[in-house]
Amino acid sequence: MFSACNILLVIFVILQCICAPAYIISTKPGCSIKTLILKATCSTIFLATGIIAAIGSGGFDSVYPKLMVIGFACSWIGDVMLHWDPKTPRIIAGGLGFLTAHVLFITSYIKTEGTLTGETKIISKRDIFIILGVFALAVVIYFALKLKAGKLLAPIAIYAVVLSFMIAKTLDLGIALIDTKPAAAVLIPLGAFLFAASDFTLGISFLGKTDFKKQALNMALYLPAQMLLALSIYFM
């Protein structure tokens, strides 16, 4: 039989399948109070999903659910701050929210992998190759699309490095989990890859020409990414 937590998780997934498209469609005319409410609702759903997934899987005794849920809360802040028309204070606050979320996610991956495998290295040779590869891809995209970062080039470069590191560590954790927790081994890397892809599309939209298709693609990648990561807690 389904427990109360299981039922809630199913309800949250259904709600997100309804609210996410509604939000994306509503942004075509531009930002408004309606779009802000819908976006905050979508963010609240993945945050609530993470909390209920943690409760359903045994609580917040381990590092993974604690750091992931705090990361979702930071993402919630980032979502709200970056929703309105770009202004420097909001961009900084939103960027810091997502940067903090990524750092928390990375920390949860490293600590969980260490618990599973006894690995004490924070970064391996494989991680370095992945980081360099992803960062090189970001640089190629930047110049190929003739994007202009201006004064934000340095913080954007730092963010790209952090994002690349997150991808490397999520692969490490996925490999460590494949034999014992196969569902989590799939959900975590898939969620992280979608999150990274959404950040790339957001960067292209922000630094280049903004249009509805880019914004829609960004959210179509981002919201499923957060839901997958939130659901992964249940299988840990």
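Note that the coordinates shown come from a computational prediction; the quantities given were computed from them, not determined experimentally.

**Student:** What is the right way to read the overall build of the chain from this model?
**Tutor:** Along its length, the chain carries 8 helices and 0 strands. Start at the N end of the chain and walk to the C end: the helices and strands fall as α-α-α-α-α-α-α-α. Compactness check: the chain gives a C-alpha radius of gyration of 18 Å against a globular reference of 18 Å for 236 residues, within 12% of the reference. With the C-alpha coordinates of the chain rotated into their principal frame, the extents come out at 45 × 40 × 25 Å. Scored against the burial criterion, the 236 residues of the chain give a buried share of 46%. Here the contacts in the chain between residues at least 6 apart in sequence split such that 77% fall between residues at least 24 apart. A total of about 12,000 Å² of accessible surface is found on the chain, and carbon and sulfur atoms cover 75% of it. Counting 18 positive and 10 negative side-chain charges, the chain places the averaged centre of each group 11 Å from the other.

**Student:** It is not clear to me how the nonpolar core should be interpreted in this structure. Could you clarify?
**Tutor:** The nonpolar side chains of a soluble globular protein tend to be buried with one another. M68, F72, F105, Y109, I188, L229 and I233 are the most contacted members of the largest nonpolar core, which has 57 residues in total. Looking at this core, the elements that each hand over two or more residues are α1 (4-26), α2 (33-56), α3 (63-81), α4 (88-117), α5 (125-144), α6 (153-177), α7 (182-207) and α8 (212-232). Setting aside anything within four residues of it in sequence, one finds I188 in contact with Y64, Y109, T170, L173, L177, L229, S232 and M236. Core analysis: the next-biggest nonpolar cluster, separate from the first, contains 5 residues, Y142, L147, A149 and L207 among them.

**Student:** Just to check I follow, could you spell out the environment of F72 for this structure?
**Tutor:** Within the element layout of this structure, F72 appears in helix α3. For the pair F72 and I233, spaced 161 residues apart in the sequence, the C-alpha separation amounts to 12 Å. When neighbours within four sequence positions are excluded, F72 is seen to be in contact with F46, L47, G50, F105, Q226, L229, A230 and I233.

**Student:** Got a minute to help me understand the packing of α7 against α8 in this structure?
**Tutor:** Helix packing for two helices is described by the angle between their axes and how far apart those axes are. α8 packs onto α7 with a crossing angle of 155° between their chain directions and a minimal axis gap of 7 Å. Taken as axis vectors, α7 and α8 run roughly antiparallel relative to one another. Between α7 and α8 lies a crossing whose hand is left-handed. For the contact of α7 with α8, a count of residues per class yields 18 nonpolar, 8 polar and 2 charged.

**Student:** Even after reading the chapter, I still don't get the packing of aromatic side chains, so can you show me in this structure?
**Tutor:** Each aromatic ring pair is described using two quantities: the centre-to-centre distance and the angle formed by the ring planes. Tallied over the full model, the rule gives 9 aromatic pairs. Centroid distance F98 to F195: 6.3 Å. Interplanar angle 90°. Geometry classified as edge-to-face. Highlighted residues: F98 in helix α4 and F195 in helix α7, separated in sequence by 97 residues. Judged by centre distance (6.2 Å) and plane angle (65°), the ring pair of F105 and F195 falls under edge-to-face. Within this pair, whereas F105 is found in helix α4, its partner F195 is found in helix α7, the two being separated by 90 residues in sequence. F195 gets classed as buried once you look at its relative accessible area, which sits at 0%.

**Student:** How should I be thinking about the pattern of salt bridges in this particular structure?
**Tutor:** Opposite charge on two side chains makes pairing possible when the charged atoms of those side chains draw close. For the structure shown, the criterion picks out 4 salt bridges. For E113, the salt bridge is made with K169, and the minimal N-O distance between the two is 3.8 Å. Here K169 lies in helix α6 and E113 lies in helix α4, a separation of 56 residues in the sequence. Residue classification places K169 among the buried residues on the basis of a relative accessible area of 2%. Between R126 and D172 there is a salt bridge; the shortest N-O distance is 2.7 Å. Of this pair, R126 sits in helix α5 while D172 sits in helix α6, and the two are 46 residues apart along the sequence. With a relative accessible area of 42%, R126 lands in the partly exposed category. Judged by its relative accessible area of 3%, D172 falls in the buried class. Connected through salt bridges with shared partners, the residues E113, R126, D127, K169 and D172 form a single ionic network.

**Student:** Can you walk me through the environment of T49 in this structure?
**Tutor:** For T49, the position within the fold is in helix α2. Separated by 184 residues in the primary sequence, T49 and I233 have C-alpha atoms spaced 9.2 Å apart. What T49 contacts, discounting residues up to four positions off in sequence, is L9, F12, M227, A230 and L231.

What counts and how
- Every chain begins its residue count from 1, and numbering advances along the sequence as written.
- Per-residue local features are limited, in this predicted model, to residues with pLDDT of at least 70; the limit for side-chain atom pairs, both in listing and counting, is 80 or more; totals at the level of whole chains, interfaces and linings are taken over all residues.
- To obtain the side-chain values, all non-hydrogen atoms of the structure were included, while hydrogens and water were left out.
- The numbering of helices and of strands both runs from the N terminus, where a helix is a DSSP run of H or I of at least 4 residues and a strand a run of E of at least 2.
- Taken over C-alpha atoms, the radius of gyration is set against a globule rule of 2.2 Å times the number of residues to the power 0.38.
- Buried, partly exposed and exposed residues are distinguished by accessible area as a fraction of the type maximum, computed with a 1.4 Å probe on protein chains only: under 20%, between the cut-offs, and over 50%, respectively.
- When checking whether two residues touch, look at their non-hydrogen atoms; a contact exists if any pair is within 4.5 Å.
- Methods summary: accessible areas were calculated by the Shrake-Rupley approach with a probe of 1.4 Å, and residue burial reflects only the protein chains presented.
- His is not counted, nor are the chain ends; Lys and Arg add positive charge and Asp and Glu add negative charge.
- Charge placement uses NZ in Lys and CZ in Arg. For Asp and Glu, CG and CD serve respectively.
- For the purposes of this section, nonpolar cores are sets of buried Ala, Val, Leu, Ile, Met, Phe, Trp, Tyr and Cys residues that join through side-chain atoms within 4.5 Å.
- Fitted lines through C-alpha atoms serve as axes, helices being fitted only where they are in contact, and the angles separating the N-to-C directions of these axes extend from 0 to 180 degrees.
- When describing relative orientation, an angle under 35 degrees is termed roughly parallel and one over 145 degrees roughly antiparallel, while 65 to 115 degrees is termed roughly perpendicular and anything else oblique.
- The sense of a crossing depends on the near helix, which, turned anticlockwise from the far helix by less than a right angle, makes the crossing left-handed and, turned clockwise, makes it right-handed.
- All residues other than Ala, Val, Leu, Ile, Met, Phe, Trp, Tyr, Cys, Pro, Asp, Glu, Lys and Arg, Gly among them, are scored as polar; the first ten of these are nonpolar and the last four charged.
- Two aromatic rings from Phe, Tyr or Trp, using only the six-membered ring of Trp, form a pair when their centres are within 6.5 Å; if the ring planes differ by under 30 degrees the pair is stacked, by over 60 it is edge-to-face, and anything between is tilted.
- By convention in these notes, a salt bridge is any Lys or Arg side-chain nitrogen within 4 Å of a carboxyl oxygen on Asp or Glu.

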